[in-house]
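The residues making up each chain are set out below.
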Amino acid sequence: MRSILLSTITLFTIHATAQYGTFDASSVKEGKGTTTIVVLDGGNTPYDQHVMNAMKAGWKYTASFDLMTTAEFAAQPVSPDRTYLLKTRKTDPVKFEATFMTLVKGWKPKKGETLEMKDDAFTNIPVEHELAFMQIDPIAINDKGMGSMIVLYLKHIQDYLALVEKGKITDKATADRTYSGRTRLVRDTELWMAQEHLDKSIPDATKLKEFYTAPCQVMALSQLPGAIGKQGSGITVSDVILTGDHKNKHCFKRVFNVGSGELMYQNDDAAIYGKKEGFIEEDLKAMERAR
């Protein structure tokens, strides 16, 4: 691991949702007055390209943003008048290590404080400085052509911050209710479901339609970016992230609205011994029956 000027280790437990943040409206309001620093890998990776494009196209939380590589970030201290969009790594004793896109409110570091980094992601950002975080899959983004999902992740982060600022989300319970309340609206859209996001118990569209009868297309993962590019509110897309390995694998499942980036459905399951590695019957029924 590398050390970068800033902070001591803060233990963190990954929430089952894998995408929330602060519940403090005043912190969100304070962050709006800063400049956002986007910390890039620095190697011209697909992640770098897509996050830069997404920021230019749709970043509205702060009035301005600058770009910085991890090496450049290492050369200067964190500042209280900035927010930082960077990758973090968090570890949960049950659901294991995962990578997040995290918006952090800067602070005045104490003497000797350091941040540690692994694989271009920071491992010990103090949780009290996190404004919002979204679990991501760097392999899917960099190696499987799914970098366009970053557009939706950034829209979701900003939607979350707006809900906290308005007082509609004040704790995990209200956050859970907010997102579960959107699930019924998935049926009003055309759901684009990647074949690779379906568990092997749902081998094709025919089997899927036994449990989910609203408009839906099952397609190759490589076709999802085409849906995201449409940016239409009438389309939703699937997203699946697997963590762990074999006996400790965990599966996080999400559905996003392409137009707004709103999180419409979320669930996660232990995916041990090759089971529940994607959307299963219970997920499809939950979307079918949501009220």
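**Focus on helix H5 (residues 149-165)**
Here's step 1: Helix length check: H5 (17 residues) gives 25 Å between terminal C-alpha atoms against 24 Å at 1.5 Å per residue, within 8%.
Here's step 2: Among the 17 residues in H5, 13 count as buried, and that is most of the element.
Here's step 3: Positive backbone phi, at 80°, marks Gly167, one or two positions downstream of H5.

**Some thoughts on the confidence of the model for the chain**
Here's step 1: Confidence in the prediction of the chain, expressed as mean pLDDT, is 90, and 93% of residues score 70 or more.
Here's step 2: Mean pLDDT in the chain bottoms out at strand S1 (residues 2-5), which sits at 38, and peaks at helix H9 (residues 281-289), which reaches 98.
Here's step 3: Here residues 1-16 scores under 50 on pLDDT; set against residues more than four positions off or in separate chains, the count is 64 contacts.

**Remarks on the packing of aromatic side chains**
Here's step 1: Applying the stated criterion to the full structure yields 8 aromatic pairs.
Here's step 2: Between Tyr20 and Tyr179, the aromatic rings sit 5.7 Å apart at their centres with planes inclined by 20°, giving stacked as the arrangement. Linking Tyr20 in the loop between S1 and helix H1 (25-31) with Tyr179 in helix H6 (residues 172-180), this pair joins segments that are 159 residues apart in sequence. An identical accessibility class is assigned to Tyr20 and Tyr179; each is buried.
Here's step 3: Both rings, one in Tyr265 and one in Phe279, keep their centres 6.3 Å apart while their planes meet at 35°; by these two values the pair is tilted. Taken together, the residues Tyr265 in strand S13 (residues 263-270) and Phe279 in the loop between S13 and H9 connect sequence positions 14 residues apart.
Here's step 4: Connected via pairs of aromatic rings, a cluster forms that spans Tyr20, Tyr160 and Tyr179.

**What to know about the sheet that holds strand S12 (residues 250-257)**
Here's step 1: One open sheet holds the 5 strands; their spatial order is S10-S9-S11-S12-S13, and the pairing between them is mixed. Edge positions in the sheet fall to strand S10 (216-219) and S13, since each of these pairs with one other strand and no more. On average, each strand axis in the sheet is tilted by 20° relative to the strand beside it, whichever way the strands run.
Here's step 2: Pairing of strand S9 (residues 190-194) with strand S11 (residues 235-243) involves 3 bridges; the strand directions are parallel. If you follow Trp192 over to S11, its bridge partner there is Val237.
Here's step 3: Across the sheet, H9 touches S9, S12 and S13, and the angle it forms with S13 is around 155°.

**Overview of the pattern of salt bridges**
Here's step 1: As enumerated under the stated definition, the model contains 15 salt bridges in all.
Here's step 2: Across the pair Lys87 and Asp41 runs a salt bridge, and its minimum N-O distance is 3.0 Å. A residue pair is termed long-range when its members are at least 10 positions apart, and Lys87 in strand S4 (residues 82-90) and Asp41 in the loop between strand S2 (35-40) and helix H2 (46-58) qualify at 46 residues.
Here's step 3: Judged by relative accessible area, which is 5%, Lys87 ranks as buried.
Here's step 4: Between Glu130 and Lys90 there is a salt bridge, with the nearest N and O atoms lying 3.1 Å from each other.

**A look at the side chain of His129**
Here's step 1: Tracing the backbone through its elements, the reader meets His129 in the loop between strand S7 (121-122) and strand S8 (130-136).
Here's step 2: Residue classification places His129 among the buried positions, given a relative accessible area of 18%.
Here's step 3: Not counting residues within four places of it along the chain, the set of residues in contact with His129 comprises Leu103, Val104, Lys105 and Trp107.

**Overview of unusual backbone geometry**
Excluding glycine, most residues fall at negative phi; most peptide bonds, likewise, are trans.
Here's step 1: A positive phi angle, close to 55°, is found at Asp119, a residue other than glycine.
Here's step 2: Following the sequence through the fold, Asp119 ends up in the loop between strand S6 (114-118) and S7.
Here's step 3: What makes Asp119 exposed here is its relative accessible area of 64%.

**Side note on the nonpolar core**
As a rule of thumb, nonpolar side chains are buried together in soluble globular proteins.
Here's step 1: Core analysis: the largest hydrophobic core is formed by 51 residues, its most contacted members being Val51, Met101, Ile150, Leu154, Leu161 and Val237.
Here's step 2: Examining the composition of this core, we find that 10 residues originate from one element, H5, more than from any other.
Here's step 3: Excluding anything up to four places from it in sequence, Val237 contacts Leu152, Leu191, Trp192, Leu224, Ala227, Arg254, Val255, Phe256 and Val258.

Thresholds, definitions, all that
- Residues numbered from 1 in each chain as written.
- Predicted model: local features only at pLDDT ≥ 70, side-chain atom pairs only at ≥ 80, totals over all residues.
- Heavy atoms only, no water.
- Helix = DSSP H or I, 4+ residues; strand = E, 2+ residues; numbered from the N terminus.
- Expected span 1.5 Å × (residues − 1).
- Buried < 20%, exposed > 50% of the residue type's maximum accessible area, 1.4 Å probe, protein only.
- pLDDT = per-residue confidence, 0-100.
- Contact = heavy atoms within 4.5 Å.
- Phe/Tyr/Trp six-rings, centres within 6.5 Å; stacked < 30°, edge-to-face > 60°.
- Pairing = 2+ DSSP bridges.
- Axes fitted to C-alpha atoms, helices over the stretch in contact; angles between N-to-C directions.
- Salt bridge = Lys/Arg side-chain N within 4 Å of Asp/Glu carboxyl O.
- Core = buried A, V, L, I, M, F, W, Y, C linked by side-chain atoms within 4.5 Å.

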